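Residues per chain, in single letters:
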Amino acid sequence: MRRSGILMPISSLPGPYGIGTFSKEAYRFVDFLKSAGQTIWQILPLGPTGYGDSPYQSFSTFAGNPYFIDLEALIKEKVLTREECEALDWGSSSEYVDYEHMYISRFIALRKAFERAKKKLAHDEDFLDFIDRNYDWVADYALYMAVKDSYGGKCWIAWEEDIRSRKPEAIEEYRERYTDDILFYEYLQYQFDRQWSRLKAYANARGIRIVGDLPIYVAFDSMDTWANPELFKLDEERNPVAVAGCPPDAFSETGQLWGNPLYDWEYHKKTQYAWWIRRLRHCFEIYDIVRIDHFRGFDEYYAIPYGAETAVNGKWMPGPGAALFERMEEVLGKQEVVAEDLGVLTDSVIAMVKKTGYPGMKPLQFAFGSGADNQYLPHNYDRNCVVYTGTHDNQTTRGWYHDLDARTKKHVKEYAEIHSEKEAAWRLIRLAMMSVADTAVIPMQDYLNLGDEARINTPSTLGDNWKWRMREGAADKALASKIRKLTRFCNRE
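Conventions we followed
Residues numbered from 1 in each chain as written. Predicted model: local features only at pLDDT ≥ 70, side-chain atom pairs only at ≥ 80, totals over all residues. Heavy atoms only, no water. Buried < 20%, exposed > 50% of the residue type's maximum accessible area, 1.4 Å probe, protein only. Helix = DSSP H or I, 4+ residues; strand = E, 2+ residues; numbered from the N terminus. Pairing = 2+ DSSP bridges. Axes fitted to C-alpha atoms, helices over the stretch in contact; angles between N-to-C directions. Parallel < 35°, antiparallel > 145°, perpendicular 65-115°, else oblique. Contact = heavy atoms within 4.5 Å. Nonpolar A, V, L, I, M, F, W, Y, C, P; charged D, E, K, R; others polar. Phe/Tyr/Trp six-rings, centres within 6.5 Å; stacked < 30°, edge-to-face > 60°.

### Regarding the pairing of strand β3 (residues 209-214)
Part 1 of the argument: The element β3 is extensively covered by neighbouring structure, given that five of its six residues are classed as buried.
Part 2 of the argument: Both strand β2 (residues 40-42) and β3 contribute to a ladder of three bridges, which runs parallel. Opposite Gln-42, over in β3, you have Val-211 as the bridge partner.
Part 3 of the argument: By the bridge criterion, four bridges tie β3 to strand β6 (residues 289-292) in an arrangement that is parallel. Looking at β6, one finds that Val-211 is bridged to Ile-289.

### Overview of the packing of helix α5 (residues 125-133) against helix α9 (residues 179-205)
Part 1 of the argument: At a minimum axis separation of 10 Å, α5 and α9 run at an interaxial angle of 95 degrees. It follows that α5 is roughly perpendicular to α9 by the angle criterion. Contact with α5, carried on its side by Asp-126, Phe-127, Phe-130, Ile-131 and Arg-133, involves Leu-183, Glu-186, Tyr-187, Gln-189, Tyr-190 and Asp-193 of α9 and no other residues of that element.
Part 2 of the argument: Of the residues belonging to the contact of α5 with α9, the class tally is six nonpolar, one polar and four charged.

### Quick look at the packing of aromatic side chains
Part 1 of the argument: In total, this model carries 47 aromatic pairs according to the counting rule given.
Part 2 of the argument: Plain terms: the ring middles of Tyr-56 and Trp-466 are 5.9 Å apart, the flat faces sit at 40 degrees to each other, and that makes the pair tilted. Placement of Tyr-56 in the loop between β2 and α2 (71-76) and of Trp-466 in the loop between α18 (444-447) and α19 (477-489) is noted, with a sequence separation of 410 residues between them. As far as burial versus exposure is concerned, Tyr-56 and Trp-466 are alike and both buried.
Part 3 of the argument: Between Trp-156 and Phe-220 the ring centres are 5.1 Å apart and the planes differ by 45 degrees, which places this aromatic pair in the tilted class. Of this pair, Trp-156 sits in the loop between α6 (135-150) and α7 (161-164) while Phe-220 sits in the loop between β3 and α10 (223-227); the two residues are 64 residues apart in sequence, bridging distant segments of the chain. Each of the two residues, Trp-156 as well as Phe-220, counts as buried.
Part 4 of the argument: One aromatic cluster in this structure is built from Phe-62, Tyr-103, Phe-107, Phe-114, Phe-127, Phe-130, Trp-137, Tyr-141, Phe-184, Tyr-185, Tyr-187 and Tyr-190.

This is the structure in structure tokens:
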């Protein structure tokens, strides 16, 4: 089956309250996908974000981001008023997220909603059922966030030793001390879950499947690391022995220093990957298809000494290989996965991806400037892959084409038959859609023919990422018609 879809983060949707949410604009985007003949909506990770606002550095691998809760839905529930929401400062731009203003205003609004709703929660069967079904993570997450707030947002490693090391008497004491705050965070997760479930059901009913994104690593500043230190390579003081990243490459001369703790794969193997199975099960409950980030890290992972300022002096270490995914299939059955297999691919990585049978990724921006045997050139694809013009880590296609050196630009122009910069994005979209790849996913910015002002993320940088938002009305009927025509022309659905 040949299919196609659009990469569009929830945060990038338009809407009135500072960031894209599970609002009417999200439902309109589903309708747009349907009218454009698409069957896939790929998003970025949905977890709660902290410093740097990266969805790949979340306070929990199981929890949802409170930023995405639709305030209009809370107005309808009469726990907020529109006047209260409109009186808050959401930032000065509708086309970029102002995280500082948005964070402050959102939590003011969410606290008000909670204060009005909390008396009923003890008797709300839906809420109690949600807590019961998700107790294995939501109890620790809500406690983590409540304690973190009490320490002014500091990471757990800076807390008092008794709660840092989760002594039972300390856990009990903090649960009693911050009962109200814990309930607040449980309420946020309940609202996130019910709103996301409704949106996903709406999409599925219209033939749209959601591709979710699973970061390979979890953040050090997270419930996961605090509650389960045995899963990671930590020293006696619970500091990381080494941290995650990747070596120097086309994105960064000094590599990428992500800073995440590394897994103790021997421990995971002994438990038959029990925590990973829980994590993957959760993903397949909230998404239809899961893109697993940095897939090569399961074959070998890059370990950087803790405290290093760059990723230059890391070394490759062996991961679990395909064994984890064989175990996943034993427990969860056959699931649909996309392997983010970018970067330097060794023979063992290629063999692992082939063994799983998962489709890999083919961004066109990696295809040009070298020989005709470049694996990202469409004439070298096999069908079992997902082609992209670019990913969330790339420039927009228009911005990329504008910045190309003369030699590479000549290659692109000849291969894709491009006659002007204005048409470059569309010609490369057309090339992706016409390829033999079973699946084609195009970033929304490329369909809108936007430049680098709409770039989502520049790896190894902080402060100006994850901000772009689509202009209200940009996804219009004319664009849907144009996309639908190309989709049908290429025999996709």
